[in-house]
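One letter stands for each residue in the lines below.
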Amino acid sequence: MAESVEMRTAVRETYGPADLSSVPVFAGGFINFGYWRSVDLAGPVSVDDRVRSQQDLYRHVLDSLGPLTGRRLLEVGCGLGVGCALALREYDPAHLTGMDIHPQQLDRAHRANAALLDASPPRLRFVRGAAEDMPFADAEFDRVHSVEAAQHFDDLAAFARETARVLAPGGRVAVTSFFTPDDDPRHAARLAELLQTYADGLDVARSVTDLAEAFTRAGLTDARTASIGPEVWEGWDRWLSDQWEPGTWPRNFLKAYREGALDYYVVTATRPGP
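Keep in mind that this is a model prediction, so the values were computed, not measured.

A.B. asks: I'd like to hear about the pattern of salt bridges, residue by residue, with values.
C.D. replies: Applying the stated criterion across every chain, the model contains 18 salt bridges. Note that Asp142 is salt-bridged to Arg72, the shortest N-O span being 3.0 Å. Placement of Asp142 in strand 4 (residues 141–147) and of Arg72 in strand 1 (residues 72–76) is noted, with a sequence separation of 70 residues between them. With a closest N to O distance of 2.8 Å, Arg224 and Asp222 form a salt bridge. Among the charged side chains, a salt-bridge network with shared partners connects Asp56, Arg59 and Glu90.

Here's what the structure looks like:
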(Lines give C-alpha, C1' and ligand atoms only; values in the text may rest on other atoms or scores of the structure.)
Protein backbone atom coordinates (compact mmCIF):
# COMPACT_ATOMS: atom_id res chain seq x y z
CA MET A 1 0.00 0.00 0.00
CA ALA A 2 1.02 3.66 -0.29
CA GLU A 3 2.00 3.76 3.36
CA SER A 4 4.79 1.25 2.66
CA VAL A 5 6.40 3.49 0.02
CA GLU A 6 8.05 6.62 1.37
CA MET A 7 7.49 9.81 -0.60
CA ARG A 8 10.60 11.86 -1.22
CA THR A 9 10.50 15.25 0.47
CA ALA A 10 10.37 17.14 -2.82
CA VAL A 11 7.40 15.08 -4.03
CA ARG A 12 5.54 15.48 -0.74
CA GLU A 13 5.97 19.27 -0.75
CA THR A 14 5.39 19.92 -4.47
CA TYR A 15 2.11 18.04 -4.65
CA GLY A 16 1.01 18.82 -1.11
CA PRO A 17 1.36 22.27 0.46
CA ALA A 18 2.88 23.82 -2.68
CA ASP A 19 -0.03 22.50 -4.84
CA LEU A 20 1.64 22.46 -8.25
CA SER A 21 -1.80 22.38 -9.90
CA SER A 22 -2.37 25.97 -8.75
CA VAL A 23 0.69 27.28 -10.62
CA PRO A 24 -0.41 29.29 -13.71
CA VAL A 25 1.84 27.33 -16.12
CA PHE A 26 -0.32 24.27 -15.39
CA ALA A 27 -3.64 25.93 -16.22
CA GLY A 28 -6.51 23.48 -16.14
CA GLY A 29 -5.10 21.27 -13.41
CA PHE A 30 -3.55 18.58 -15.63
CA ILE A 31 0.07 19.19 -14.49
CA ASN A 32 1.79 18.12 -17.70
CA PHE A 33 3.96 19.77 -20.34
CA GLY A 34 1.42 19.29 -23.11
CA TYR A 35 1.25 17.85 -26.60
CA TRP A 36 1.24 20.90 -28.89
CA ARG A 37 0.67 19.52 -32.39
CA SER A 38 -2.71 21.24 -32.76
CA VAL A 39 -1.54 24.64 -31.44
CA ASP A 40 -0.18 27.36 -33.75
CA LEU A 41 3.02 28.39 -31.99
CA ALA A 42 3.74 31.24 -34.41
CA GLY A 43 1.17 33.53 -32.80
CA PRO A 44 0.04 34.26 -29.24
CA VAL A 45 -0.60 31.20 -27.08
CA SER A 46 -3.75 31.47 -24.97
CA VAL A 47 -4.75 29.74 -21.77
CA ASP A 48 -7.24 27.74 -23.83
CA ASP A 49 -4.38 26.62 -26.09
CA ARG A 50 -2.43 25.56 -23.01
CA VAL A 51 -5.31 23.54 -21.59
CA ARG A 52 -5.87 21.90 -24.98
CA SER A 53 -2.21 20.88 -25.14
CA GLN A 54 -2.56 19.07 -21.81
CA GLN A 55 -5.81 17.42 -22.86
CA ASP A 56 -4.19 16.35 -26.13
CA LEU A 57 -1.35 14.66 -24.25
CA TYR A 58 -3.94 12.53 -22.47
CA ARG A 59 -5.69 11.81 -25.76
CA HIS A 60 -2.43 10.76 -27.38
CA VAL A 61 -1.71 8.31 -24.56
CA LEU A 62 -5.25 6.96 -24.37
CA ASP A 63 -5.34 6.48 -28.15
CA SER A 64 -2.19 4.35 -27.89
CA LEU A 65 -4.07 1.88 -25.67
CA GLY A 66 -6.46 0.80 -28.39
CA PRO A 67 -10.27 0.71 -28.04
CA LEU A 68 -11.33 1.63 -24.51
CA THR A 69 -15.11 1.28 -24.68
CA GLY A 70 -16.24 -1.05 -21.91
CA ARG A 71 -12.70 -1.51 -20.55
CA ARG A 72 -11.52 -1.25 -16.94
CA LEU A 73 -8.92 1.52 -16.72
CA LEU A 74 -6.32 2.47 -14.13
CA GLU A 75 -4.44 5.78 -14.14
CA VAL A 76 -1.23 5.71 -12.06
CA GLY A 77 -0.45 9.14 -10.66
CA CYS A 78 -3.84 10.69 -11.37
CA GLY A 79 -3.29 13.98 -9.56
CA LEU A 80 -6.48 16.03 -9.56
CA GLY A 81 -8.28 13.48 -11.71
CA VAL A 82 -9.07 15.84 -14.58
CA GLY A 83 -7.52 13.33 -16.96
CA CYS A 84 -9.80 10.65 -15.51
CA ALA A 85 -12.77 12.89 -16.24
CA LEU A 86 -11.60 13.39 -19.83
CA ALA A 87 -11.22 9.62 -20.33
CA LEU A 88 -14.71 8.95 -18.99
CA ARG A 89 -16.20 11.70 -21.13
CA GLU A 90 -14.49 10.86 -24.43
CA TYR A 91 -13.56 7.14 -24.34
CA ASP A 92 -16.50 5.45 -22.57
CA PRO A 93 -14.67 2.90 -20.40
CA ALA A 94 -16.73 0.67 -18.13
CA HIS A 95 -14.93 1.96 -15.07
CA LEU A 96 -11.90 4.08 -14.25
CA THR A 97 -9.72 4.10 -11.14
CA GLY A 98 -7.43 7.03 -10.43
CA MET A 99 -4.56 6.17 -8.09
CA ASP A 100 -2.17 8.62 -6.46
CA ILE A 101 0.32 8.35 -3.63
CA HIS A 102 -0.35 11.83 -2.24
CA PRO A 103 -3.38 12.15 0.07
CA GLN A 104 -3.73 15.90 -0.56
CA GLN A 105 -3.92 15.32 -4.29
CA LEU A 106 -6.64 12.75 -3.72
CA ASP A 107 -8.59 15.20 -1.57
CA ARG A 108 -8.42 17.70 -4.43
CA ALA A 109 -9.46 15.01 -6.91
CA HIS A 110 -12.54 14.18 -4.86
CA ARG A 111 -13.56 17.83 -4.77
CA ALA A 112 -12.88 18.44 -8.47
CA ASN A 113 -14.87 15.37 -9.57
CA ALA A 114 -17.69 15.33 -7.04
CA ALA A 115 -20.44 15.02 -9.65
CA LEU A 116 -18.78 12.08 -11.41
CA LEU A 117 -18.14 10.33 -8.10
CA ASP A 118 -21.81 10.69 -7.16
CA ALA A 119 -23.08 9.38 -10.49
CA SER A 120 -25.10 6.18 -10.61
CA PRO A 121 -23.97 3.63 -11.53
CA PRO A 122 -20.51 4.62 -10.26
CA ARG A 123 -17.82 4.61 -12.96
CA LEU A 124 -15.04 6.48 -11.16
CA ARG A 125 -13.13 6.01 -7.93
CA PHE A 126 -9.95 7.42 -6.44
CA VAL A 127 -7.59 5.22 -4.43
CA ARG A 128 -4.40 5.96 -2.54
CA GLY A 129 -1.55 3.79 -3.70
CA ALA A 130 2.04 3.77 -4.87
CA ALA A 131 3.22 2.85 -8.36
CA GLU A 132 5.55 0.29 -6.80
CA ASP A 133 2.92 -1.32 -4.53
CA MET A 134 -0.60 -1.10 -5.96
CA PRO A 135 -3.56 -1.95 -3.71
CA PHE A 136 -5.42 -3.97 -6.35
CA ALA A 137 -6.18 -7.59 -7.16
CA ASP A 138 -4.38 -9.54 -9.84
CA ALA A 139 -5.77 -8.93 -13.36
CA GLU A 140 -8.14 -6.21 -12.10
CA PHE A 141 -7.67 -3.89 -15.11
CA ASP A 142 -7.73 -4.09 -18.88
CA ARG A 143 -5.64 -0.97 -19.42
CA VAL A 144 -3.10 0.94 -17.31
CA HIS A 145 -1.84 4.41 -18.19
CA SER A 146 0.30 7.06 -16.56
CA VAL A 147 0.79 10.64 -17.75
CA GLU A 148 3.89 12.54 -16.67
CA ALA A 149 4.33 10.80 -13.33
CA ALA A 150 6.98 8.14 -13.99
CA GLN A 151 9.80 10.69 -13.59
CA HIS A 152 8.93 10.58 -9.87
CA PHE A 153 8.77 6.80 -9.44
CA ASP A 154 11.53 5.46 -7.20
CA ASP A 155 11.64 1.94 -8.64
CA LEU A 156 10.73 1.36 -12.29
CA ALA A 157 11.21 -2.40 -11.94
CA ALA A 158 8.68 -2.58 -9.10
CA PHE A 159 6.26 -0.41 -11.08
CA ALA A 160 6.61 -2.73 -14.07
CA ARG A 161 6.00 -5.83 -11.95
CA GLU A 162 2.91 -4.30 -10.37
CA THR A 163 1.61 -3.21 -13.75
CA ALA A 164 2.02 -6.71 -15.14
CA ARG A 165 0.28 -8.14 -12.08
CA VAL A 166 -2.82 -5.90 -12.17
CA LEU A 167 -3.27 -6.18 -15.95
CA ALA A 168 -5.62 -8.84 -17.25
CA PRO A 169 -4.35 -11.17 -20.01
CA GLY A 170 -4.36 -9.21 -23.24
CA GLY A 171 -4.18 -5.94 -21.31
CA ARG A 172 -2.05 -3.00 -22.34
CA VAL A 173 -0.05 -0.26 -20.62
CA ALA A 174 0.98 3.19 -21.87
CA VAL A 175 3.29 5.53 -19.97
CA THR A 176 4.32 9.00 -21.08
CA SER A 177 6.99 11.07 -19.38
CA PHE A 178 10.44 12.55 -19.89
CA PHE A 179 13.52 10.31 -19.75
CA THR A 180 17.12 10.36 -20.84
CA PRO A 181 17.48 8.85 -24.32
CA ASP A 182 20.22 6.38 -23.30
CA ASP A 183 22.29 5.19 -20.35
CA ASP A 184 25.09 7.74 -20.65
CA PRO A 185 25.93 8.53 -16.98
CA ARG A 186 26.71 12.13 -17.86
CA HIS A 187 23.02 12.89 -18.46
CA ALA A 188 22.09 12.88 -14.77
CA ALA A 189 24.79 15.38 -13.83
CA ARG A 190 23.91 17.65 -16.74
CA LEU A 191 20.21 17.62 -15.90
CA ALA A 192 21.00 18.52 -12.29
CA GLU A 193 23.02 21.48 -13.60
CA LEU A 194 20.26 22.69 -15.90
CA LEU A 195 17.04 21.92 -14.05
CA GLN A 196 16.07 22.58 -10.46
CA THR A 197 13.65 19.65 -10.40
CA TYR A 198 16.54 17.24 -10.91
CA ALA A 199 18.85 19.07 -8.52
CA ASP A 200 16.31 18.96 -5.66
CA GLY A 201 15.24 15.36 -6.22
CA LEU A 202 11.72 15.91 -7.54
CA ASP A 203 12.59 14.26 -10.86
CA VAL A 204 14.87 11.25 -11.31
CA ALA A 205 17.13 10.89 -14.36
CA ARG A 206 16.64 7.47 -15.96
CA SER A 207 16.83 6.08 -19.45
CA VAL A 208 13.67 5.32 -21.40
CA THR A 209 15.12 1.88 -22.09
CA ASP A 210 15.13 1.24 -18.34
CA LEU A 211 11.33 1.28 -18.35
CA ALA A 212 10.93 -0.71 -21.57
CA GLU A 213 13.34 -3.37 -20.31
CA ALA A 214 11.60 -3.45 -16.93
CA PHE A 215 8.29 -4.17 -18.66
CA THR A 216 9.91 -7.01 -20.59
CA ARG A 217 11.49 -8.53 -17.47
CA ALA A 218 8.08 -8.34 -15.77
CA GLY A 219 6.63 -10.58 -18.47
CA LEU A 220 5.04 -8.00 -20.75
CA THR A 221 5.62 -8.21 -24.48
CA ASP A 222 6.09 -5.88 -27.44
CA ALA A 223 7.57 -3.10 -25.27
CA ARG A 224 8.06 -0.06 -27.47
CA THR A 225 9.35 3.48 -26.97
CA ALA A 226 8.35 6.40 -29.17
CA SER A 227 9.71 9.93 -28.88
CA ILE A 228 7.13 12.70 -29.00
CA GLY A 229 9.68 15.38 -28.15
CA PRO A 230 9.00 17.46 -31.29
CA GLU A 231 5.37 17.81 -30.19
CA VAL A 232 6.25 18.65 -26.56
CA TRP A 233 9.37 20.73 -26.06
CA GLU A 234 8.95 23.62 -28.49
CA GLY A 235 5.38 24.23 -27.36
CA TRP A 236 6.25 23.95 -23.68
CA ASP A 237 9.06 26.48 -24.09
CA ARG A 238 6.83 28.82 -26.12
CA TRP A 239 4.28 28.78 -23.29
CA LEU A 240 6.98 29.36 -20.68
CA SER A 241 8.42 32.27 -22.65
CA ASP A 242 5.49 34.48 -21.65
CA GLN A 243 6.33 33.98 -17.97
CA TRP A 244 10.04 33.12 -17.71
CA GLU A 245 13.05 34.91 -19.16
CA PRO A 246 15.64 33.09 -21.30
CA GLY A 247 18.33 31.56 -19.12
CA THR A 248 16.01 30.85 -16.20
CA TRP A 249 15.96 27.20 -15.23
CA PRO A 250 12.44 26.31 -16.51
CA ARG A 251 13.54 27.34 -20.01
CA ASN A 252 16.35 24.78 -19.82
CA PHE A 253 14.05 21.85 -20.60
CA LEU A 254 14.28 22.78 -24.27
CA LYS A 255 18.04 23.22 -23.91
CA ALA A 256 18.38 19.76 -22.35
CA TYR A 257 16.38 18.30 -25.23
CA ARG A 258 18.49 20.03 -27.85
CA GLU A 259 21.66 18.84 -26.14
CA GLY A 260 20.40 15.24 -26.20
CA ALA A 261 20.22 14.84 -22.42
CA LEU A 262 16.43 14.55 -22.19
CA ASP A 263 13.44 13.66 -24.34
CA TYR A 264 9.73 12.93 -23.99
CA TYR A 265 8.40 9.44 -24.75
CA VAL A 266 5.40 7.17 -24.87
CA VAL A 267 6.25 3.65 -23.70
CA THR A 268 3.78 0.83 -24.38
CA ALA A 269 3.66 -2.90 -23.66
CA THR A 270 1.14 -5.74 -23.57
CA ARG A 271 0.38 -8.58 -21.20
CA PRO A 272 0.19 -11.80 -23.22
CA GLY A 273 -3.28 -13.20 -23.68
CA PRO A 274 -4.45 -16.63 -22.51
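Structure shown, so let's carry the discussion forward.
A.B. asks: Mind laying out the side chain of Asn32, listing which residues take part and the relevant values?
C.D. replies: For Asn32, the position within the fold is in the loop between helix 1 (9–14) and helix 2 (47–63). Those residues in contact with Asn32 that lie beyond four places of it in its chain are Phe26, Arg50, Gln54, Leu57, Tyr58, Val147 and Glu148.

A.B. asks: An account of the pairing of strand 4 is needed here, citing residue identities and associated values.
C.D. replies: Counting buried residues in strand 4 gives seven out of seven residues, a clear majority hidden from the surface. Note: strand 1 against strand 4, three bridges, orientation parallel. In the strand pairing of strand 4, Glu75 is matched with His145. Relative to strand 5 (residues 167–179), strand 4 runs parallel, the two being bridged by six bridges. The residue of strand 5 that forms the bridge with His145 is Ala174. For the crossover from strand 4 across helix 6 (residues 156–166) to strand 5, the handedness is right-handed.

A.B. asks: I'd like a description of the packing of helix 10 (residues 229–240) against helix 11 (residues 252–259), backed by residues and values.
C.D. replies: Packing of helix 10 against helix 11 leaves a shortest axis separation of 8 Å and a crossing angle of 145°. Note that helix 10 runs across helix 11; the crossing there is left-handed. Contacts between helix 10 and helix 11 involve Gly229, Pro230, Trp233, Glu234, Trp236 and Asp237 from the former and Phe253, Leu254, Tyr257 and Arg258 from the latter. Tallied by class, residues from the contact of helix 10 with helix 11 come to six nonpolar, one polar and three charged.

A.B. asks: Describe the nonpolar core, and please don't skip the residues or the numbers.
C.D. replies: The nonpolar side chains of soluble globular proteins are, as a tendency, buried together. Counting 59 residues, the largest nonpolar core has Phe33, Trp233, Trp236 and Leu262 as the members making the most contacts within it. No other element matches the six residues that helix 3 (residues 82–91) contributes to this core. Core analysis: the next-biggest nonpolar cluster, separate from the first, contains 30 residues, Leu156, Phe159, Ala160 and Val166 among them.

A.B. asks: Any chance you could break down empty space enclosed by the protein for me, citing the residues and the numbers?
C.D. replies: Under the definition given, this model contains one cavity of 30 Å³ or more. Lining of the largest cavity is provided by 34 residues; of these, Gly77, Asp100, Ile101, Ala149 and His152 occupy positions nearest its centre.

A.B. asks: How would you explain the sheet that holds strand 5 if you had to name every residue and give the values?
C.D. replies: Across a sheet, strands are paired by hydrogen bonds formed along the backbone, either parallel or antiparallel in direction. Strands sit in the order 3-2-1-4-5-7-6 across an open sheet of seven strands; the sheet is mixed. Of all strands in the sheet, those with a lone pairing partner are strand 3 (124–128) and strand 6 (221–227), marking the two edges. Going across the sheet, the axis of each strand differs from the next one's by a mean of 15°, ignoring polarity. With five bridges joining them, strand 6 and strand 7 (residues 263–270) adopt antiparallel strand pairing.

A.B. asks: Tell me about helix 7 (residues 186–194), and name the residues and values.
C.D. replies: Along helix 7, the positions that sit buried rather than exposed are His187, Leu191 and Leu194. Angular distribution of buried residues about the axis of helix 7 spans 65°; they occupy a single face of the element. Those residues of helix 7 that are exposed and angled more than 90 degrees off the buried face are Arg186 and Glu193. Where the residues of helix 7 are buried, they touch helix 8 (196–199) and helix 11.

A.B. asks: Report on helix 11, specifying residues and quantitative values.
C.D. replies: For helix 11, every residue scored as buried is listed here: Asn252, Phe253, Leu254 and Ala256. Looking one or two places after helix 11, you find Gly260, whose phi comes out positive at around 85°.

A.B. asks: Residue-level account of the state of the cysteines, with values.
C.D. replies: One pass over the full model with this rule turns up zero disulfides. This cysteine, Cys78, is not joined by any disulfide, and Cys84 carries the nearest cysteine sulfur, 5.0 Å off.

A.B. asks: Outline the packing of helix 6 against helix 9 (residues 208–217), supporting the account with residue identities and numerical values.
C.D. replies: In contact at an axis separation of 8 Å, helix 6 and helix 9 are set at 40° when each is read in the N-to-C sense. In terms of axis orientation, helix 6 runs oblique to helix 9. As helix 6 packs across helix 9, the resulting crossing turns out to be right-handed. Note on element contacts: helix 9 touches helix 6 through Asp210, Leu211, Ala214 and Phe215, opposite Leu156, Ala157, Phe159, Ala160 and Thr163. Taken together, the residues that form the contact of helix 6 with helix 9 break down as seven nonpolar, one polar and one charged.

Reading the values: rules and limits
- Residues numbered from 1 in each chain as written.
- Predicted model: local features only at pLDDT ≥ 70, side-chain atom pairs only at ≥ 80, totals over all residues.
- Heavy atoms only, no water.
- Salt bridge = Lys/Arg side-chain N within 4 Å of Asp/Glu carboxyl O.
- Helix = DSSP H or I, 4+ residues; strand = E, 2+ residues; numbered from the N terminus.
- Contact = heavy atoms within 4.5 Å.
- Buried < 20%, exposed > 50% of the residue type's maximum accessible area, 1.4 Å probe, protein only.
- Pairing = 2+ DSSP bridges.
- Right-handed = clockwise from strand over helix to strand, strands pointing away.
- Axes fitted to C-alpha atoms, helices over the stretch in contact; angles between N-to-C directions.
- Left-handed = near helix turned anticlockwise from the far one by under 90°.
- Nonpolar A, V, L, I, M, F, W, Y, C, P; charged D, E, K, R; others polar.
- Core = buried A, V, L, I, M, F, W, Y, C linked by side-chain atoms within 4.5 Å.
- 1 Å grid on protein atoms, 1.4 Å probe; cavity = no way out; pocket = protein on both sides within 12 Å on 5 of 7 lines; lining within 4 Å.
- Points joined across faces, edges and corners; volume = space filled by probe spheres on them.
- Arc of directions from axis to C-beta.
- Disulfide = S-S within 2.5 Å.
- Parallel < 35°, antiparallel > 145°, perpendicular 65-115°, else oblique.

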